[in-house]
Amino acid sequence: MPLSSTSLSSIELVKPEIENTIHQAEKSLERFQENRDSGDDLQNCLDYLNQLRGIYVLVEVPGCVLLCQESVNLANEVPVGASDDKNTLLTNLSNAIFILRRYTEYFCQYKIDYPELLLPIINELRVARKSKPYPESHFFDLTPNQDFDATKLLDEADQKKLEDFAHHAKRFRHMYQVGLLDLIRENNTEISLRLLNRASRGCVRLCYGEAMAEFWSLVAILTEVCLSESLSINDPRKRLFMRIEKHLREMALLGETVAEKSVPDAIRKELLYLIALSGSKSERIQNLLAGFNVTPFGFTELDLQRESRRLFGPGADVLKSLSSALQEELIQ
């Protein structure tokens, strides 16, 4: 999202301090890697990362705040005298500090802030210390309208109650599993998503009039926009569809009482985030987002992919060195 003029001026004001602190953190980490008995260097690195976190809090850059915090958490997993089995942690920590430098360059140059771009490296740090990764919707704030009924946005045919719950639940689960398996294997994604869409629409009819119907409505709409807007099916999204299957398994094993349950807010938030991220302009999607009080993002998945290429491309210092080298060659 574009930075406010106040936020941008604050960032530019402290940019030299940020760059110097990042430099000191890098040097401290390098010295520790050369001499792993040097507890002072490891502690200095931690102190500099905490300083950076404080600066980013002041200038309101949430992605960098979280990246600093996760870097500190990871550094605390590295003991003085660390053996080679900690090399992966140290490499991840070094990468995180480098990304802090890159992101500072990025938002000062392009005057935009997308904390979502930092989630992959943040999650790498969490996975390295065996913590659960954050969902893609981590930076998305949602206060949904509890009175809104998403099932009313589906086609009329999807709003007809199905009988024989046990039979149909097993049938839809099998259909969903076939689609999910091919989706995970990346075998014909379009057909896989169509199977998930048919299964989830069937589940809406099966649970119609109960709390679970809204959940399956959101799943159906998400699979719809995955197809229409060509949303990529990355690993976090595969895991999301796997989590969704667990609710269908409950329906098949436990029966009709499951339809009365409400799914956790976290999974509803993730579904709505991805639907909004698709950038779909269809009337159904616009009505859905308005119904749940979701303000249009102003960016889409394609925008994030473009900005990611900018962020993880050559740094300004690399480009400056290349430019100087080219100028010298031209002069000669």
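None of these values were measured; they are calculated from a predicted model.

A. Here's a closer look at the environment of Leu154. Looking at where Leu154 falls in the secondary structure, it is placed in the loop between α5 (119-128) and α6 (165-185). When the C-alpha atoms of Leu154 and Arg129 are compared, they prove to be 43 Å apart, with 25 residues separating the residues in sequence. Contacts of Leu154, omitting those with residues within four sequence positions, involve Gln159, Arg201, Val204, Ser217, Ile221 and Arg284.

B. Fine view of unusual backbone geometry. Look at Lys130: it is not a glycine, yet its phi comes out positive at around 60 degrees. In this structure, Lys130 sits in the loop between α5 and α6. By relative accessible area, which is 79% here, Lys130 ends up exposed. Backbone geometry places Glu186, a non-glycine residue, at a positive phi of 60 degrees. Counting through the fold element by element, Glu186 comes out in the loop between α6 and α7 (189-207).

C. Summary view of the environment of Gln286. By the element assignment, Gln286 lies in helix α11 (residues 283-291). Given a relative accessible area of 31%, Gln286 falls into the partly exposed group. Setting aside residues up to four positions removed in sequence, Gln286 forms contacts with Ser280 and Lys281. A polar atom in the side chain of Gln286 sits 2.8 Å from the backbone oxygen of Ser280.

D. Broad picture of a positive patch on the surface. Side chains of Lys132, Arg243, Lys246 and Arg249 sit close together on the surface and give a patch of like positive charge. Among the structural elements, Arg249 can be located in helix α9 (residues 235-254). Relative accessible area serves as the criterion here: at 35%, Arg249 is assigned to the partly exposed category.

E. Representation of the packing of helix α8 (residues 212-228) against helix α10 (residues 265-277) within the structure. Interhelical geometry of α8 versus α10 gives an angle of 30 degrees and a closest axis separation of 9 Å. With respect to each other, α8 and α10 are oriented roughly parallel. Considering how the two elements wind past one another, α8 and α10 form a crossing that is left-handed. In this structure, α8 uses Glu214, Phe215, Leu218, Val219, Ile221, Leu222 and Val225 to contact α10, whose residues at the interface are Ile267, Arg268, Leu271, Leu272, Leu274 and Ile275. For the contact of α8 with α10, the per-class residue count stands at eleven nonpolar, no polar and two charged.

Thresholds, definitions, all that
Residues numbered from 1 in each chain as written. Predicted model: local features only at pLDDT ≥ 70, side-chain atom pairs only at ≥ 80, totals over all residues. Heavy atoms only, no water. Helix = DSSP H or I, 4+ residues; strand = E, 2+ residues; numbered from the N terminus. Contact = heavy atoms within 4.5 Å. Buried < 20%, exposed > 50% of the residue type's maximum accessible area, 1.4 Å probe, protein only. Polar contact = N/O pair within 3.5 Å; in protein donor to acceptor, adjacent residues only side chain to side chain. Patch = residues over 30% accessible without salt bridge, like charges linked within 9 Å, V, L, I, M, F, W, Y side chains within 5 Å. Areas by Shrake-Rupley, 256 points an atom, 1.4 Å probe, with all protein chains shown as cover. Salt bridge = Lys/Arg side-chain N within 4 Å of Asp/Glu carboxyl O. Lys, Arg positive; Asp, Glu negative; His and termini not counted. Charge placed at Lys NZ, Arg CZ, Asp CG, Glu CD. Axes fitted to C-alpha atoms, helices over the stretch in contact; angles between N-to-C directions. Parallel < 35°, antiparallel > 145°, perpendicular 65-115°, else oblique. Left-handed = near helix turned anticlockwise from the far one by under 90°. Nonpolar A, V, L, I, M, F, W, Y, C, P; charged D, E, K, R; others polar.

Remember, this is a structural readout, not a statement about activity or role.
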